Amino acid sequence: MENPPLTDNETEQRLAARLKQLRVEQGWSLDQLATASQVSRATLSRLENGEVSPTTSVLGKLCAAYGLAMSRLLRMVEDDFPPLFRRAQQSVWTDPDTGFRRRSVSPPSRALAGEALECELDAGVTITYAASPRPGMEHHLLLQEGKLNVTVDGRAHDLLAGDCLRYQLHGPSAFTTPPDSGARYFLFLV
């Protein structure tokens, strides 16, 4: 049986509840999480109450504090999925600040080691992550369209359509599109 896709509001409310649950499970106060994640206490409170939608940067910081991949966190807010995951069922998350779009093509699961994401960045956008949610996480990035500069652990890589960048992430990373080109890519995480 296939599950109906969640609406954006349902996804945001589930994400808010899950963020609060993660903090409570750790036994952390908002102040402790603010220190661990470098996200302000006020922002954390607004996120947990569903008053604002988190940006990619904020989710990256929270995931690093909890030791979770962002896709795993987003998977935690969705219902279980069938073996066949149709495009209409694939959740899409959009960063309200940058417009970064992330479609969970093959969501993570307890039974599967990998997952697949389809990502889109508009022209002239940079997204940075301070740390890997799980040091050594394996990434395979296949650029489908456009141009993309990916910096992994301080080393920059310029990608063109058809290029594949494989890496294990241990530290910070950044994804940048030039002013004249956006990018659409698939990211496979193991």
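In the block above lies the structure referred to throughout.
Residues numbered from 1 in each chain as written. Predicted model: local features only at pLDDT ≥ 70, side-chain atom pairs only at ≥ 80, totals over all residues. Heavy atoms only, no water.

Undergrad: Pulling in residues and values, what's your account of the overall build of the chain?
TA: Regarding its fold elements, the chain presents five helices and nine strands. Counted from the first residue to the last, the chain has its helices and strands arranged as α-α-α-α-α-β-β-β-β-β-β-β-β-β. A compact globule built from 190 residues would reach a C-alpha radius of gyration of about 16 Å, and the chain, at 16 Å, matches this within 12%. Burial analysis of the chain (190 residues in total) assigns 44% to the buried set. Sequence separation of 24 or more characterises 63% of the internal contacts of the chain that already satisfy a separation of 6 or more. Surface exposure of the chain reaches about 9800 Å², of which carbon and sulfur atoms provide 50%. Taking the 20 positively charged and 23 negatively charged side chains of the chain as two groups, their mean positions are separated by 4 Å. (Helix = DSSP H or I, 4+ residues; strand = E, 2+ residues; numbered from the N terminus. Rg over C-alpha atoms; globule rule 2.2 N^0.38 Å. Buried < 20%, exposed > 50% of the residue type's maximum accessible area, 1.4 Å probe, protein only. Contact = heavy atoms within 4.5 Å. Areas by Shrake-Rupley, 256 points an atom, 1.4 Å probe, with all protein chains shown as cover. Lys, Arg positive; Asp, Glu negative; His and termini not counted. Charge placed at Lys NZ, Arg CZ, Asp CG, Glu CD.)

Undergrad: Which residues make up the pattern of salt bridges, and what values do they have?
TA: Opposite charge on two side chains permits them to pair, given that their charged atoms come into close proximity. By the definition in use, this model includes eleven salt bridges. A salt bridge links Glu-120 to Arg-101, with the shortest nitrogen-to-oxygen separation between them at 3.5 Å. Within this pair, whereas Glu-120 is found in strand E3 (residues 115–121), its partner Arg-101 is found in strand E2 (residues 101–106), the two being separated by 19 residues in sequence. Ionic pairing is found between Asp-122 and Arg-101, a salt bridge with its closest N-O pair at 3.1 Å. Here Asp-122, found in the loop between E3 and strand E4 (126–129), pairs with Arg-101, found in strand E2; they are 21 residues apart in sequence, far enough to count as distant. Members of the salt-bridge network, linked through shared partners, are Arg-87, Arg-103, Glu-118, Glu-145 and Arg-184. (Salt bridge = Lys/Arg side-chain N within 4 Å of Asp/Glu carboxyl O.)

Undergrad: Describe helix H3 (residues 41–48), with residues and values.
TA: Every buried residue belonging to H3 is among Leu-44, Leu-47 and Glu-48, and all of these are buried. Angularly, the buried residues of H3 cover 90° about the axis, an arc narrow enough to put them on a single face. Following H3 by one or two positions, Gly-50 adopts a phi angle in the positive range, close to 70°. (Arc of directions from axis to C-beta.)

Undergrad: Any chance you could break down the packing of helix H2 (residues 30–37) against H3 for me, citing the residues and the numbers?
TA: Describing two packed helices takes the angle between their axes plus the distance from one axis to the other. For the pair H2 and H3, the least separation of the axes is 9 Å and the interaxial angle reads 110°. It follows from the interaxial angle that H2 and H3 lie roughly perpendicular. Of the two elements, H2 crosses H3, and the hand of that crossing is right-handed. Only Arg-41, Leu-44, Ser-45 and Glu-48 of H3 make contact with H2, whose side of the interface consists of Leu-30, Asp-31, Leu-33, Ala-34 and Ser-37. Among the residues forming the contact of H2 with H3, the class breakdown is four nonpolar, two polar and three charged. (Axes fitted to C-alpha atoms, helices over the stretch in contact; angles between N-to-C directions. Parallel < 35°, antiparallel > 145°, perpendicular 65-115°, else oblique. Left-handed = near helix turned anticlockwise from the far one by under 90°. Nonpolar A, V, L, I, M, F, W, Y, C, P; charged D, E, K, R; others polar.)

Undergrad: Lay out the packing of aromatic side chains in plain terms, naming residues and giving numbers.
TA: Summed over all chains, the structure comprises four aromatic pairs. With a centroid separation of 6.1 Å and 5° between ring planes, the pair formed by Phe-175 and Tyr-185 is classed as stacked. Taken as a pair, Phe-175 in strand E8 (residues 173–176) and Tyr-185 in strand E9 (residues 183–189) lie far apart in primary sequence, ten residues in all. Each member of the pair, Phe-175 as well as Tyr-185, carries the same accessibility label: buried. Taking 6.4 Å as the distance between ring centres and 25° as the angle between the ring planes, the aromatic pair formed by Phe-186 and Phe-188 counts as stacked. Three or more aromatic residues joined by ring pairs make a cluster, and in this case those are Tyr-129, Phe-175 and Tyr-185. (Phe/Tyr/Trp six-rings, centres within 6.5 Å; stacked < 30°, edge-to-face > 60°.)

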